[in-house]
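Residue strings, one per chain:
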Protein chains: 2
Amino acid sequence: MKPAVGTVAAERRPAPIPRRAPYDATTLLEVAVTVFNERGYDGTSMEDLARAAGITKSSFYHHVDGKEALLAAACDRALDALFAVRDEPASTAGRAIDRFEYVLRRTTQILLTELPYVTLLLRVRGNTATELAALERRREFDRFTADLVTQAMADGDLRSDIEPGLATRLAFGTLNSVTEWYRVARETSPDAVVDGAVGVIVRGLQP
Amino acid sequence: MKPAVGTVAAERRPAPIPRRAPYDATTLLEVAVTVFNERGYDGTSMEDLARAAGITKSSFYHHVDGKEALLAAACDRALDALFAVRDEPASTAGRAIDRFEYVLRRTTQILLTELPYVTLLLRVRGNTATELAALERRREFDRFTADLVTQAMADGDLRSDIEPGLATRLAFGTLNSVTEWYRVARETSPDAVVDGAVGVIVRGLQP
DNA sequence: GTCTATAAATTGATAGAC
DNA sequence: GTCTATCAATTTATAGAC
């Protein structure tokens, strides 16, 4: 039963308008990254983002600095999480093979918990200064992983009939490929993905 | 020694202008795919393509039907090569494990020989009808590979402590990740990539 | 085949009212 | 905070001269 428009009750106690939480930069970043991943960064217009957020383009601009700033924030979030893994004690001390396995596992976990941000990072092409900066940070992380593999191979703990660079790229390429299919339709649990991926890689690279 | 401008020799036998082969649709597709892979499809304008070909945008349009047609042609080239693998005798007869290994190897070879086209295909997002059609063909190929893995697992020839779908995705995700780094700077030979990738995957998935 | 010129639509971003 | 209106630049694509 809806009270007639204009009654006293309707005027003094208007039906509660379905009210969303007020937007902040973090919320809209989440919206933006989702759309970026669906349509690609360059394939997404600010109009697309505003529509996804349910406001106009101008309102959207009230909250964020622009398209490129959104991309930078998303990439930084992914990269900060990856570098935090690199700086954990278990990544820096001990046998190289143990550190390698630890980094594989933790990287996969980050990839799943920060999935949209890592996905976007992995697709960056280098068209702007922002993108080049993200690529450079990413390459730094890649050098860290390549060093791990090289050391573990020198220790005799990884098969050495494959070039270290190729082994590194296959290992982390396998992990990164998870971003290509692990979406909301999650028929596989995160733990199963981590255990499965790390297990297959480790066995595949055993001496 | 350059003859002075205006001499008889210069007028009758003009210095040979560095003449390129006349453009055809295939040549320009090659140019386009290269730029698409560098800057991303949506990040590339027809102006970019024309500049890369050394002609104007209008001249470029004289040879090709448009941006989307270029994408469709590139995806078709990659998909035709993949489906040709699927239809080879060694992919359709024999034990599933042998067919699986054969398809892994052949797919990697296609990936390297048709690298730019496969790279572009793997990045398609589904923004237009053209892209959706390419994605649908790709999914058909994915179903073929998933069936192979499922059968080989049922035969007891692949480890069964991993879901078949996860195993398939890890295996072909590893292969596909090659497109992310195997560019012109080829420090690793194609054969080493094929042997390395297939070898790591097969060992990683052994029972 | 290649060019200049231009059309028609879209894009990232801002101005200013409420 | 949200809106309408608008701008300047870019983008896909075409017309028509040479």
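Before reading further, recall that the structure is shown in the block above.
Residues numbered from 1 in each chain as written. Chains lettered and ligands numbered in written order. Predicted model: local features only at pLDDT ≥ 70, side-chain atom pairs only at ≥ 80, totals over all residues. Heavy atoms only, no water.

Participant: Which residues make up the protein's contact with DNA strand D, and what are the values?
Facilitator: In the region of DNA strand D, 15 residues are neighbours, and A:Arg20, A:Thr56, A:Ser58, A:Ser59 and B:Lys57 sit closest. Counting only the atoms of DNA strand D that lie within 4 Å of the protein, the sugar and phosphate share comes to 44%. Within the contact set of DNA strand D, a phosphate oxygen lies 3.5 Å away from a backbone nitrogen or oxygen of B:Thr44. Here a base oxygen of DNA strand D sits 2.8 Å away from a polar atom, N or O, in the side chain of B:Ser58. Counting only elements with at least two residues in the surface near DNA strand D, the list comes to helix 4 (57-63) of chain A together with helix 4 (57-63) of chain B. Sort the elements by how many residues they give to the surface near DNA strand D and helix 4 of chain A lands first, with four residues. When grouped by side-chain class, the residues that make up the surface near DNA strand D number three nonpolar, nine polar and three charged. (Near = heavy atom within 4 Å. Polar contact = N/O pair within 3.5 Å; in protein donor to acceptor, adjacent residues only side chain to side chain. Helix = DSSP H or I, 4+ residues; strand = E, 2+ residues; numbered from the N terminus. Nonpolar A, V, L, I, M, F, W, Y, C, P; charged D, E, K, R; others polar.)

Participant: Go over the interface of chain B and chain A with me, naming the residues and quoting the values.
Facilitator: Contact residues are listed per partner, giving 34 residues for chain B and 34 residues for chain A. Across the chain B-chain A interface, the total number found is two salt bridges. Along the contact surface separating chain B from chain A lie 11 residue pairs in polar contact (both at pLDDT 80 or more). Within the residue set of the side of chain B that touches chain A, elements represented by two or more residues are helix 2 (25-39), helix 8 (115-123), helix 10 (164-176) and helix 11 (190-204) of chain B. (Contact = heavy atoms within 4.5 Å. Salt bridge = Lys/Arg side-chain N within 4 Å of Asp/Glu carboxyl O.)

Participant: Mind laying out the relation of the copies chain B and chain A, listing which residues take part and the relevant values?
Facilitator: With an RMSD of 0.0 Å, the fit of chain B onto chain A corresponds to turning through 180° and sliding 0.0 Å along the axis. Taken together, these values place the two copies in the relation of a two-fold axis. Of all interface residues in chain B, 100% are interface residues in chain A too; the two copies therefore contact each other through one and the same surface. (Least-squares fit on C-alpha atoms with pLDDT ≥ 70 in both.)

Participant: Explain helix 5 (residues 67-86) of chain B to me, using residue names and the numbers behind them.
Facilitator: Because an α-helix completes one turn every 3.6 residues, residues spaced three or four positions apart along the sequence face the same direction. Over its 20 residues, helix 5 of chain B runs 29 Å from end to end, which matches the ideal 28 Å to within 8%, given 1.5 Å per residue. The set of residues buried in helix 5 of chain B consists of B:Leu70, B:Leu71, B:Ala74, B:Cys75, B:Ala78, B:Leu79, B:Ala81, B:Leu82, B:Phe83 and B:Val85. (Expected span 1.5 Å × (residues − 1). Buried < 20%, exposed > 50% of the residue type's maximum accessible area, 1.4 Å probe, protein only.)

Participant: Provide a residue-level description of the protein's contact with DNA strand C, including the pertinent values.
Facilitator: In the vicinity of DNA strand C there are 15 residues, among which A:Met46, A:Tyr61, B:Arg20, B:Thr56 and B:Ser58 approach most closely. When the atoms of DNA strand C within 4 Å of the protein are sorted by group, sugar and phosphate make up 50%. Between DNA strand C and A:Ser58 there is a distance of 2.7 Å, counted from a base oxygen to a side-chain nitrogen or oxygen. The separation between a phosphate oxygen of DNA strand C and a polar side-chain atom of A:Lys67 is 2.9 Å. Looking at the surface near DNA strand C, the elements with two or more residues in it are helix 4 of chain A together with helix 4 of chain B. Grouping the constituent residues of the surface near DNA strand C by class yields three nonpolar, nine polar and three charged.

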